[in-house]
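Summary of the model geometry
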Amino acid sequence: MLDNIESSYDCARAGDDLHQLKQELAALRGQSTESLEAQERINRLENQISFILNKCDISH
């Protein structure tokens, strides 16, 4: 998970960052996600992915 994504995010990093975030999300979903902490982490990863896709105008 990326520590800090802001409006000044550099879209040149989007390819690498999206790959990393999607791998992390897939791994987390493959585990038990019953805990509140795990669900919050999944939500944060999904939000980061959506932010990058929208900010950098990348189609899903």
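See the structure above.
Below, the structure is looked at part by part. (Residues numbered from 1 in each chain as written. Predicted model: local features only at pLDDT ≥ 70, side-chain atom pairs only at ≥ 80, totals over all residues. Heavy atoms only, no water.)

**Thoughts on the nonpolar core**
Let me state the cut-off plainly: By nonpolar core is meant a set of buried Ala, Val, Leu, Ile, Met, Phe, Trp, Tyr and Cys residues that side-chain atoms within 4.5 Å join together. The classification of residues rests on relative accessible area computed with a 1.4 Å probe and restricted to protein chains. Under 20% of the type maximum is buried, over 50% is exposed, and intermediate values are partly exposed. Only DSSP runs of H or I reaching four residues or more are called helices, and only runs of E reaching two or more are called strands; each is numbered from the N terminus.
Among the nonpolar cores identified, the biggest contains 14 residues, and Y9, L21, I49 and I52 are the most heavily contacted of them. If you list the elements that add at least two residues to this core, you get helix 1 (14-29) and helix 2 (36-55).

**Focus on the state of the cysteines**
Stated formally: Note that a disulfide, as used here, is simply two cysteine sulfur atoms within 2.5 Å.
Applying the stated criterion across every chain, the model contains 1 disulfide. A sulfur-sulfur separation of 2.1 Å characterises the disulfide bridge that pairs C11 with C56. Across the S-S bond linking C11 and C56, the dihedral sits near -90°, which makes this disulfide left-handed. Residue C11 is located in the segment before helix 1, and its partner C56 is located in the segment after helix 2; the two are separated by 45 residues in the primary sequence.

**Side note on helix 2**
Put simply, the rule reads: Given a helix with a known number of residues, its expected span is that number minus one, times 1.5 Å. As used here, the arc is the angular range of directions from the helix axis to the C-beta atoms. Contact definition: two residues touch when any of their heavy atoms are within 4.5 Å.
The terminal C-alpha atoms of helix 2, which comprises 20 residues, lie 28 Å apart, in line with the 28 Å expected from a rise of 1.5 Å per residue. Along helix 2, the positions that sit buried rather than exposed are A38, I42, L45, Q48, I49, I52 and L53. One side of helix 2 holds all its buried residues, which, seen down the axis, span an arc of 130°. Residues of helix 2 that are exposed and point over 90 degrees away from its buried face: L36, E37, N47 and N54. Each element contacted by the buried residues of helix 2 is listed here: helix 1. Residue D57 follows helix 2 closely and has a positive phi angle near 55°.

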